[in-house]
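Next come the chains, spelled out residue by residue.
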Amino acid sequence: MELYIDTANIEDIREIAHWGILSGATTNPTLLSRESGDYDQIICEICDLVGGPVSAEVMSDDAEGMVEEAKRLVGLHENVVIKVPMLPEGLRAARELSKLEIKTNVTLVFSANQALLAARAGATYVSPFVGRLDDIGHDSNAVLTEIVEVFSVNEFSTKVIAASIRNPMHVTQAALLGCDIATIPPAIFRSMVKHPLTDKGIASFKKDWEDAQSRA
Ligand code: E4P
């Protein structure tokens, strides 16, 4: 499973990209609204930092407007992927953009049927939101399982991005269930890398080594 970072914060992306484990990034209007500066420039900088697909969302209500926005956004950088909402107009836009060979990420997906529609529209990626499903008491694992199975049985090439990740277990579950990608907030990456036994082990290895050096 590939790992994307889910933020528009350049400092966080720089830090985690430095680990050498990122394959891409996802943004959304809320994440961008938390940053100051020119949004186009931020998207370009993220593209350069991650060196892989970066989702940028369109805001128009109709497919024609979405396609126009998409054409402008893909002109910013070759890594830009167009996020379209899971709506009839978003599906129309995804179909049109696929004809233009522009990559799309159908976002705000909460069911296997929505994912099926997105795949039939020619989406490159679909983003089921696991955290928001769990928030309302639904079983996000069941939804991910169904989407992965539907895509496998039907031989769709659309990739599944587990999104709205709220804790490290969501990442483990997405990997176990066969998602292609998980898009993960910076704080969750920092939790994933830590384990108290790792810290304890490093401290005792260091101490034993230094004791041996002082005896030599
Ligand atoms: C990613 O593509 C989504 O925009 C993001 O994961 C949403 O996460 P949230 O539910 O925490 O806002």
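On a predicted model such as this, the values are computed, not experimentally measured, just so you know.

It is worth spelling out the pattern of salt bridges at this point. As enumerated under the stated definition, the model contains 12 salt bridges in all. Where Arg14 meets Glu11, a salt bridge forms, and the shortest distance between an N and an O atom there is 3.6 Å. Placement of the pair is Arg14 and Glu11 together in helix H1 (residues 10-17), with a separation of three residues, close to one helical turn. For Arg14, a relative accessible area of 39% corresponds to the partly exposed category. Here Arg72 ties to Asp40 by a salt bridge, and the two come within 2.8 Å at their closest N and O atoms. Of this pair, Arg72 sits in helix H4 (residues 63-74) while Asp40 is found in helix H3 (residues 39-50), placing the two residues 32 residues apart along the sequence. On the accessibility criterion, Arg72 (45% relative accessible area) is partly exposed. Taking relative accessible area as the criterion, Asp40 reaches 24% and is therefore assigned partly exposed. One salt-bridge network, in which partners are shared between bridges, spans Glu11, Arg14 and Glu45.

Okay, the site of the ligand next. Around the ligand, the structure places Asp6, Thr26, Asn28, Lys83, Phe129, Arg132, Ala163, Ser164, Arg166 and Thr183. Between the ligand and Asn28, the relevant distance is 2.7 Å, taken from an oxygen atom to a side-chain nitrogen or oxygen of the residue. Arg166 places a polar side-chain atom, nitrogen or oxygen, 2.9 Å from an oxygen atom of the ligand. Relative to its unbound accessible surface of 340 Å², the ligand loses 84% to contact with the protein. Grouping the constituent residues of the shell around the ligand by class yields two nonpolar, four polar and four charged.

Thresholds applied
Numbering of residues starts from 1 in every chain and runs along the sequence as written. Whole-chain, interface and lining totals are the exception, using all residues; otherwise, since this is a predicted model, local features are given only for residues with pLDDT of at least 70 and side-chain atom pairs are given and counted only at 80 or more. Only heavy atoms go into the side-chain values, all of them from the structure, while hydrogens and water stay out. The salt bridge criterion pairs a side-chain nitrogen of Lys or Arg with a carboxyl oxygen of Asp or Glu, the two atoms within 4 Å. Counting from the N terminus, the helices are DSSP H or I runs at least four residues long and the strands are E runs at least two residues long. Burial classes: relative accessible area under 20% of the type maximum marks a residue as buried, over 50% as exposed, and values in between as partly exposed (1.4 Å probe, protein chains only). By convention in this text, a residue qualifies as near a molecule or strand provided that one of its non-hydrogen atoms is within 4 Å of it. Identification of polar contacts relies on pairs of N or O atoms within 3.5 Å, with a donor-acceptor requirement for protein atoms, meaning one able to donate a hydrogen and the other able to accept it, and with residues adjacent in sequence counted only if both atoms are side-chain atoms. For every accessible area listed, the method is Shrake-Rupley and the probe measures 1.4 Å; residues are considered covered only by the protein chains on display. Charged means Asp, Glu, Lys or Arg here, nonpolar means Ala, Val, Leu, Ile, Met, Phe, Trp, Tyr, Cys or Pro, and polar covers whatever is left, Gly included.

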